[in-house]
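# Chain and residue survey
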Amino acid sequence: MERIREVTGQSTMYRDAHLTVDFQRQVATLDSSPMILTKKEFELLALLVGYAGDIVPREEQLMRVWGYGTEIRTRTLDVHIRHLRKKLGVYAERYIETIFGIGHRFQPYDRAQLHADTQSFALSA
C-alpha cells in the first residue's frame, strides 16, 4: 500500500480504489456515487479515515465527534458505526474494523492515498 502525506498542515482529501473523502468540502463518495451521510456520520468517518491504519479508542471518538467525556455510557457510537457500515455496503467490513474493548480502525483499500493541496511526499507502508 502506498500513502501520500502532506509535509506541512493537514491532508484535505483521502482517496482509494472505492472511497473518496473530501475533508474540506465534507463530502464522501463510494464508487463515484455520493454518500448520503449525516453530519455526525461524516465527522466519525473523517476521524477514522484521518487515522487510517491506527486504532482510534472509543473514548476519543466519543470526545471528538460528540464532546462526551469518559464518564458517559452510551450506545451512540455503536449505532453510528452500524449506520456507516450499512452505507459502505460490501466494503464495510474491509474499511471499519472493531477492536473489541478498545475502539475502531479504518483500513484503507489497497493502494490508498492521502492527497494534499501542497507539497507531498510518499511513504512506503
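To start, this report covers the structure provided alongside it. (Residues numbered from 1 in each chain as written. Predicted model: local features only at pLDDT ≥ 70, side-chain atom pairs only at ≥ 80, totals over all residues. Heavy atoms only, no water.)

### Some words on the packing of helix 1 (residues 39-50) against helix 3 (residues 76-88)
When two helices pack together, you describe them by how their axes are tilted relative to each other and by the distance separating the axes. In the contact formed by helix 1 and helix 3, the axes pass within 10 Å of each other and the chain directions differ by 85°. The angle between helix 1 and helix 3 falls in the class roughly perpendicular. Residue-level inspection shows K40, E41, L44, L45 and L48 of helix 1 in contact with helix 3, the latter providing L77, H80, I81, H83, L84 and K87. In the contact of helix 1 with helix 3, the residues fall into 6 nonpolar, 2 polar and 3 charged. (Axes fitted to C-alpha atoms, helices over the stretch in contact; angles between N-to-C directions. Helix = DSSP H or I, 4+ residues; strand = E, 2+ residues; numbered from the N terminus. Parallel < 35°, antiparallel > 145°, perpendicular 65-115°, else oblique. Contact = heavy atoms within 4.5 Å. Nonpolar A, V, L, I, M, F, W, Y, C, P; charged D, E, K, R; others polar.)

### As for the sheet that holds strand 7 (residues 96-99)
Reading across from one edge, 6-8-7 is the order of the 3 strands in this open sheet, with antiparallel pairing throughout. In this open sheet, the two strands that pair with only one neighbour each are strand 6 (55-57) and strand 7. Taken over all neighbouring pairs, the strand axes of this sheet differ in orientation by 30° on average, direction set aside. Those strands touched by helix 2 (residues 58-66) are strand 6 and strand 8 (103-106), and its axis lies near 70° from that of strand 6. (Pairing = 2+ DSSP bridges.)

### A look at the side chain of D78
In this structure, D78 sits in helix 3. For D78, the side chain forms a polar contact with the side chain of R58, separated by 2.9 Å. (Polar contact = N/O pair within 3.5 Å; in protein donor to acceptor, adjacent residues only side chain to side chain.)

### Digging into the pattern of salt bridges
As enumerated under the stated definition, the model contains 9 salt bridges in all. Across the pair E43 and K40 runs a salt bridge whose closest N-O atoms are separated by 3.5 Å. One end of the pair, E43, and the other, K40, are both in helix 1, 3 residues apart, so they sit about a helical turn from each other. A relative accessible area of 23% means that E43 is categorised as partly exposed. (Salt bridge = Lys/Arg side-chain N within 4 Å of Asp/Glu carboxyl O. Buried < 20%, exposed > 50% of the residue type's maximum accessible area, 1.4 Å probe, protein only.)

### As for unusual backbone geometry
Although it is not a glycine, Q26 adopts a positive phi angle of roughly 60°. Positionally, Q26 belongs in the loop between strand 3 (19-22) and strand 4 (27-30). Phi at D31 takes a positive value of approximately 50°, unusual for a residue other than glycine. Assignment of secondary structure puts D31 in the loop between strand 4 and strand 5 (33-34). For D31, a relative accessible area of 37% puts it in the partly exposed group.

These results come straight from atomic positions and should not be treated as a statement about function.
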